[in-house]
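# Close look at the chain arrangement
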Amino acid sequence: MALTPTVQRNAVSEGIALGLVACGRGVLPLDTGRLGDAFESAWRTWVHRVRFPQIETDLSDGEDGASAMTKADKPKEAWALYWAEVDGELLIQARQPDWSPDDPEDLNYAAVVIDGDVALADWAALAREFLRHFDQ
């Protein structure tokens, strides 16, 4: 079954959040220009982007990469992870209070519940490419 546009948006937002925490980054500075450029650069080369055509449409229609990346910003809209803006930073928050980025079972659980059938290693690959651009 095809994923709805909303499900695609939330899946990518949660997925990159998962990839980032798997790479040891749970906090990013709120610099929308840098975030957007890094996300769009990483997105263009990610092999699984074809599973999420709504993101392509959103970016083509002028949505910035930072917004595309942080769509899942409310716990009720996310299965595992969501974004919170606090004091000029973007924090990746877990929906479940006992979820830990240090627990491999929790990381794998998040990968399973995020729609789109993308493995943890593939979300981490997207995040590494994002960080390569973001940290330049």
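Since this is a predicted model, take the numbers as computed values, not measurements.

An order of E1-E3-E2 is seen for the 3 strands of this open sheet, with the pairing classed as antiparallel. Lying at the two open borders of the sheet, with one neighbouring strand each, are strand E1 (27–29) and strand E2 (81–86). Ignoring which end each strand starts from, the neighbouring axes of this sheet average 25° apart. Alignment of E2 against strand E3 (residues 89–94), held across 6 bridges, turns out to be antiparallel. Bridged to Val-86 within E3 is Glu-89.

The sheet contact formed by E1 and E3 spans 3 bridges and is antiparallel. Bridged to Leu-28 within E3 is Leu-90. Hairpin connection between E2 and E3: a loop of 2 residues separates the two successive antiparallel strands, and Asp-87 in this loop has a positive phi of roughly 50°.

The biggest cluster of nonpolar side chains holds 39 residues, and the ones touching the most others in it are Leu-18, Leu-20, Leu-28, Phe-39 and Phe-130. Listing elements by their share of this core, those giving two or more residues are helix H1 (5–22), helix H2 (32–45), helix H3 (53–60), helix H4 (65–69), E2, E3, helix H5 (104–113) and helix H6 (120–134). With residues up to four places along the chain from it excluded, the contact list for Leu-20 reads Arg-25, Leu-28, Met-69, Trp-83, Ile-92, Ala-127, Phe-130 and Leu-131.

What follows covers H6. Helix length check: H6 (15 residues) gives 20 Å between terminal C-alpha atoms against 21 Å at 1.5 Å per residue, within 8%. Looking only at H6, the buried set comprises Leu-120, Trp-123, Ala-124, Leu-126, Ala-127, Phe-130, Leu-131 and Phe-134. Projected onto a plane normal to the axis of H6, the buried residues spread over an arc of 155° and lie on a single side. Structurally, H6 contributes buried residues whose contacts are with H1, E1, H2, H4 and H5.

Rules used in this analysis
- Residues numbered from 1 in each chain as written.
- Predicted model: local features only at pLDDT ≥ 70, side-chain atom pairs only at ≥ 80, totals over all residues.
- Heavy atoms only, no water.
- Pairing = 2+ DSSP bridges.
- Helix = DSSP H or I, 4+ residues; strand = E, 2+ residues; numbered from the N terminus.
- Axes fitted to C-alpha atoms, helices over the stretch in contact; angles between N-to-C directions.
- Core = buried A, V, L, I, M, F, W, Y, C linked by side-chain atoms within 4.5 Å.
- Buried < 20%, exposed > 50% of the residue type's maximum accessible area, 1.4 Å probe, protein only.
- Contact = heavy atoms within 4.5 Å.
- Expected span 1.5 Å × (residues − 1).
- Arc of directions from axis to C-beta.

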